[in-house]
Amino acid sequence: MRLYSRLGVTTLDDPEFGTFHADDAGGFDFPDDVSDRLAGFHHRGKPMWEDDVQRQQRLIGEELERRKDPATLLSAVEQLVKAASATAALTAPVAPAPEPAPAKKAPAKRATAAKATDDQ
């Protein structure tokens, strides 16, 4: 049976079955005789070893408790806001450079006097 140490054990020496090492996930694959014996060990009233189901229940319970804490929730929201603003800053379009002001033209001269014609 697969067991996980709740005390951070990474190696277990059994006089009858030899040495066992934890895998990357922290689990041990023990023969049934060893796992049955270890499952009964407790330290200060808490089990020292847990199986897959017990481990999942414990981790889910810890996560739910963590999410109930207002300070933790506020911290998580602040992290999301910072991440969103950082993403928005990266994806925001760059403002085009301002166009230079057009050069002022001299006002056009208006002819106020009538043209003299040679027809007279």
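All figures in this text were calculated on a predicted structure; none of them were measured in a lab.

A. Looking closely at the pattern of salt bridges. Going through the model one piece at a time under the given rule, you end up with nine salt bridges. Residue Glu-63 pairs with Arg-66 through a salt bridge whose shortest N-O separation is 2.6 Å. Taken together, the positions of Glu-63 and Arg-66, both in helix α2 (residues 52-68) and three residues apart, correspond to about one turn of that helix. Classification of Glu-63 as partly exposed rests on a relative accessible area of 27%. Residue classification places Arg-66 among the partly exposed positions, given a relative accessible area of 42%. Beyond isolated ion pairs, a larger network of salt bridges with shared partners links Arg-6, Glu-50, Arg-58 and Glu-62.

B. Region of the structure containing a nonpolar patch on the surface. A contiguous nonpolar patch, built from Leu-73, Val-77 and Val-81 and spanning about 260 Å² of accessible area, is present on the exposed surface. Structurally, the position occupied by Val-77 is in helix α3 (residues 70-91).

Analysis parameters
Residues numbered from 1 in each chain as written. Predicted model: local features only at pLDDT ≥ 70, side-chain atom pairs only at ≥ 80, totals over all residues. Heavy atoms only, no water. Salt bridge = Lys/Arg side-chain N within 4 Å of Asp/Glu carboxyl O. Helix = DSSP H or I, 4+ residues; strand = E, 2+ residues; numbered from the N terminus. Buried < 20%, exposed > 50% of the residue type's maximum accessible area, 1.4 Å probe, protein only. Patch = residues over 30% accessible without salt bridge, like charges linked within 9 Å, V, L, I, M, F, W, Y side chains within 5 Å. Areas by Shrake-Rupley, 256 points an atom, 1.4 Å probe, with all protein chains shown as cover.

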